[in-house]
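# Coordinate analysis (summary)
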Amino acid sequence: MQRGRPGWAQVGGTSGAMELRGLLAALALLALQSEQVPNAFAAQGPALWPMPLSVQMTSRLLYLSPENFHIAHHPSSKAGPSCALLQEAFRRYYDCIFDSHKWHHRPAKSHVKTDLQQLLVSVVLDSECDTFPNISSDESYTLLVKGPMAFLKANRVWGVLRGLETFSQLIYQDPYGAYTINESTISDSPRFPHRGILIDTARHYLPVNSILKTLDAMAFNKFNVLHWHIVDDQSFPYQSITFPELSNKGSYSFSHVYTPNEVRMVIEYARLRGIRVIPEFDTPGHTQSWGKGQKDLLTPCYNEHQPGTFGPINPILNTTYSFLSKFFKEISLVFPDWFIHLGGDEVEFACWESNPNIQDFMKQTGFGKDFKKLESFYIQKLLDIISTIKKGSIVWQEVFDDNVKLQQGTVIQVWKQGKYTSELEVITEAGFPVILSAPWYLDYISYGQDWMKYYKVEPLDFGGSQQQKQLVLGGEACLWGEYVDATNLTPRLWPRASAVAERLWSQKEVTNLDDAYRRLAAHRCRMVRRGIAAQPLFTGYCDT
């Protein structure tokens, strides 16, 4: 007797006729089930992530095929075939829609009629096709799917990029392998303008391909800022044209550097996906690697137990600020974004305190023994340099907490896990814009479905006026690199960061965990099909 074939086994003493009837009944049941599958599949529908602002979807399915479908500019669009950004996006999303489904073990029916033949894209206002995205870029779009044409309309190219991602997520294969899409009307725009991922390339060097893969995954989740924490104590992989010794002596090796061409490649790859690249050059602390290639930049520590050690950047020398002016002038030309992240966190005062020259300086300036005043002195000079080169500054929260005098518009990034809600309240009450990271440190890992913890965060859940809450620009999921390199970057980041993506894009009311689990599990499988090695949410499988 063969196992696992119900309906075929004889039950003690049943006749051949009964066996036949049982077989026919089983076949009838299988047939009935196969008829019902498409409806069940359609009822489940596509898994949109992050959830758009407004979705109206009918049960009517339209069919499309790789041979008879294409994406094109609407004749009235302000962006035409000369817009390389959109041409590249059309090609990319065509491949996303059809290539990523080749895994399907059921070949698509070739005789299925094609109901949807074209997606027409219209950019209504000045396209911004050849510019870089910024904090005020318009990412809104509307999408109408109704055979034989679908229409995607946006004010700028950035909205088109977000709408193409949504359109690609609407398409799924039925159990017979045919490409289907529900008739839909979607109107969408993000809740917050700053939706970022922080990567750290100093603790471990990340190959450029790993960064590009991360940018792909960010686009699939509608993130729009890559916060590139590019250097730190451990290594200085940024290859400076003005000060080549910084990476020559401060990187892990000559091969662990980002050349000017590679940096340009990352910035352009990000631009084509509507993603800003904000570099972070953290000072005056976290700078041990800087000192290897720049003489007299760091403070000599006078400690009998550890002679010859160095601390933070030396804030009392004119040569320090001359160096910083030239260095950040280069950074302002290399990175097109308005903002440069200046760090300013975790400055240890012990070395400054031990240095007799700094002690004399403190007496002369009347700082006494308040090293926060010395820190403030340094940061203010640095902020002046940044404003001279016509850039905006982002700093970690200690800069604000230590009462540094800040220029209006300086952005404060809140990272300390403690009472971050009261921190948000105090900073916004002082009138400063804020980026929230405290609840989204993805380098902290735990057993279980920690995506839910990230998903449940409400960024505006703090005391304060409506005006204060408008100062929250958004947030960032941070993946620090002490235990992360190219081997585990992607599975540790995704789909955990996807939970943050929906929190920053979707409306405050989108909080249903059961619905989120269903959509995120499907979205994770979609990322895997698209070449992103996202780890599983829980038990189960991807149909791949």
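Residues numbered from 1 in each chain as written. Predicted model: local features only at pLDDT ≥ 70, side-chain atom pairs only at ≥ 80, totals over all residues. Heavy atoms only, no water.

### Looking at the state of the cysteines
For clarity, the threshold we go by: When two cysteine sulfur atoms are found within 2.5 Å, that pair is recorded as a disulfide. In this text, helices come from DSSP runs of H or I with a minimum length of four residues, and strands from runs of E with a minimum of two, each type numbered from the N-terminal end.
Evaluation of the coordinates by the stated rule reveals three disulfides. Residue Cys-83 pairs covalently with Cys-129 via a disulfide, S to S 1.9 Å. In this structure, the disulfide formed by Cys-83 and Cys-129 twists by about 100° around the S-S bond and is classed as right-handed. Of this pair, Cys-83 sits in the loop between β2 (70-73) and α2 (84-99) while Cys-129 sits in the loop between β3 (118-123) and β4 (141-146), and the two are 46 residues apart along the sequence.

### Brief notes about helix α6 (residues 260-271)
Here is the rule: Between the first and last residue of a helix there are one fewer steps than residues, each counted as 1.5 Å, and that sum is the expected span. Here the term buried applies to any residue with accessible area under 20% of the maximum for its type, exposed to any over 50%, and partly exposed to those in between, with areas from a 1.4 Å probe on protein chains only. Arc, as used here, means the arc of the directions from the helix axis to the C-beta atoms. Residue contacts follow a heavy-atom distance rule, with two residues in contact if any of their heavy atoms lie within 4.5 Å.
If you check α6, its first and last C-alpha atoms are 17 Å apart, about what twelve residues at 1.5 Å a residue would give, namely 16 Å. If you check which residues of α6 are buried, you get Val-263, Val-266, Ile-267, Ala-270 and Arg-271. When α6 is viewed along its axis, its buried side chains cluster within an angular range of 135° and face the same direction. Lining the buried residues of α6 we find α2, α3 (157-170), α4 (208-220), β9 (225-229), β10 (276-280) and α8 (318-334).

### A look at the environment of Gly-250
As for its placement among the helices and strands, Gly-250 is situated in helix α5 (residues 245-250). A relative accessible area of 1% places Gly-250 in the buried class. Spatially, the C-alpha atoms of Gly-250 and Gln-288 are 8.5 Å apart, while their sequence positions differ by 38 residues.

### A closer look at the packing of helix α10 (residues 356-365) against helix α11 (residues 371-388)
Angle between the axes and distance between the axes: these two values describe a pair of packed helices. Under the convention used in this document: To get an axis, a line is fitted to the C-alpha atoms, and for a helix only the part in contact is used. The angle between two axes follows their N-to-C directions and goes from 0 to 180 degrees. In these notes the angle categories are as follows: under 35 degrees is roughly parallel, over 145 is roughly antiparallel, 65 to 115 is roughly perpendicular, and the rest is oblique.
Packing of α10 against α11 leaves a shortest axis separation of 11 Å and a crossing angle of 90°. Looking at the two axes, α10 sits roughly perpendicular to α11. Contacts between α10 and α11 involve Ile-358, Phe-361 and Met-362 from the first element and Phe-371, Leu-374 and Phe-377 from the second.

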